[in-house]
Amino acid sequence: MDKKADVVIIGGGVIGCAAAYYLTKRGKSVIVIEASDNIGNGGSSRNGGGVRQSGRDPRELPLAMYGIEKLWPNLSQELGVDCEYHKDGNLRLGKTQEHLKILQGLTDRATACGLDVRMIDADEVKKINPYLSDEVIGASWCPTDGHANPLVTTLAFYRKARQQGAKFFTGEKVLELRKVKGRVKKVIAEDNVYEGNYVLVAAGYESRDILSSVGIDVPMHKELVECLVTEAQPHMFNQMLGTAEADFYGHQSDHGSFVFGGSSGMELDNLNKGAKNSPSNAAITAPCECRGIMKYFPDLKDAKIVRTWAGEQDVCKDGVPVLGFVDEVPGLVVACGFTGHGFGIAPAVGEQLSRLIVDGETDVDLTPLRYDRFKAKI
Amino acid sequence: MNILSDRSRDIGEFVPAEDDDMLICRCEEVTKGEIRKAVHDGMWTITEIRRYLRTGMGLCQGQTCARLVKGIIAKELGISPAELEPATARSPMRPVEMRVMGNEEA
């Protein structure tokens, strides 16, 4: 078993798999190490599938816009698997004046970055999505946003990277990184030692422990998110939906089922008794989500819930990921802290990090997302 | 690590079989051939097959086909079915209307 490669990637999620795909495409040898038994077992398979630009922090918005313009349109064709990508717009809904104020702020900041997003009134919202209830008084509308199937997209990147020669190892927990002559080189795992000229750490919250072995600490915490899935329904709409307070989101999948996420407000204090690598739902959340959904979509009251699921997001201190090289540790590349909105930018992150590793530069400015941005308050 | 860890292990080529059109997951209409092909695409666990093809994601949540899917994957990989972990069971056990789960009507 060859344990040396140009790049060793820690984390077989959508970021790791995308990076593996774009790196092998450019002729690099790649090893991907995944701690769980399944590829894409963390946030990659546990998110709402949003591929959106609106509502994003200006620091990561350019990555989202780049991905939607250059990568998402041809991704299914490129990977040979239907990723169920839809570019049919995102409605961010408001029910109160306070909500509209939040939406206006988000819209102004995104417009300043060159994004086509605007505020629309209740009538226009109804024209775009006639199923919404009268409680919605306005929304922000970004016609170039959309959604895709995160489970399939992650596995499609894995499949293609594997075909291109990337070596994947699952059930292999990384313990620490080790430097050789000042440069990170070795990845010490439970059963093996791997070696790479570059080491990309894309292991979600678990990145924190791994990075601490070379003195790097990304300020973040874990937060549980929970979703529910309905049985297949007749086709209703293709837009991605969110709300001003980001308390509710979802879409109808190609399969016909609805995937809706939301919060109960108890997230930080709920008991999680799930198995290792598979967090459990709290009894309080899905009923709360149902009540929320029925307020927006009264027609769905008889839709049957077939499944609920939960996942942990790696919430970064300032709400955007840490990406790129770290000056203190040559050879190290970081991609973590995606804060619950990593899926939509994953292809762009994978592609741009591969460019950073191969060419030493990127098309999208990643400077605002560097590790060295964190400062104490005094 | 375990028997499934090295995803580059050679499991041979996909060989079409006569019963590839047989429906295995009836809820989501997934055939035996699709499952076998997915194994050759690198989907080596029940969870990965479920996420890739939707086996066990329909109304019965895999209560009908789980054992069959497990057997097909194991055979394709040349391992014992006992080596494969089951997919995570998800609540609710039976499909429940949104208005019932939302507790707004008994």
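For the structure, see preceding data.
These notes cover the structure that comes with them.

Cut-offs and rules
Residues numbered from 1 in each chain as written. Chains lettered and ligands numbered in written order. Predicted model: local features only at pLDDT ≥ 70, side-chain atom pairs only at ≥ 80, totals over all residues. Contact = placed C-beta atoms within 7 Å. Helix = DSSP H or I, 4+ residues; strand = E, 2+ residues; numbered from the N terminus. Nonpolar A, V, L, I, M, F, W, Y, C, P; charged D, E, K, R; others polar. Pairing = 2+ DSSP bridges. Core = buried A, V, L, I, M, F, W, Y, C linked by C-beta atoms within 7 Å. Buried ≥ 20, exposed ≤ 12 C-beta atoms within 10 Å, placed from the backbone.

All right, on to the interface of chain A and chain B then. Contact residues are listed per partner, giving 39 residues for chain A and 32 residues for chain B. Elements with a contribution of two residues or more to the side of chain A that touches chain B: α6 (150-163), β8 (167-169), α8 (285-296) and β16 (304-316) of chain A. Its residues assigned to classes, the side of chain A that touches chain B comprises 18 nonpolar, nine polar and twelve charged. Where β16(A) and strand β3 (residues 96-97) of chain B come together, two bridges link them in antiparallel fashion. Its bridge partner lying in β3(B), A:Ile305 is registered against B:Val96.

We now examine the nonpolar core. Residues and elements named next belong to chain A. With 140 residues, the main nonpolar core has Ile-9, Ile-10, Val-199, Leu-200 and Val-334 as its most contacted residues. The biggest single contributor to this core is helix α1 (residues 14-25), with nine residues. Residue contacts for Leu-200: discarding those within four places in its chain leaves Val-7, Ile-9, Ile-10, Ala-19, Val-333, Ala-335 and Leu-353.

What follows covers unusual backbone geometry. Of the consecutive residues B:Ser91 and B:Pro92, the connecting peptide bond is found in the cis state with omega at -5°. Positionally, B:Pro92 belongs in the loop between α3 (66-77) and β3. At A:Thr339, a position not held by glycine, the phi torsion is positive, near 60°. Here A:Thr339 is to be found in the loop between β18 (332-336) and α9 (346-359). Positive phi, normally seen in glycine, also occurs at B:Arg54, with a value near 80°. You can see B:Arg54 is positioned in the loop between α2 (46-53) and α3. We classify B:Arg54 as buried; it has 21 C-beta atoms within 10 Å.

So far we have only geometry, and geometry alone does not tell us how the molecule works.
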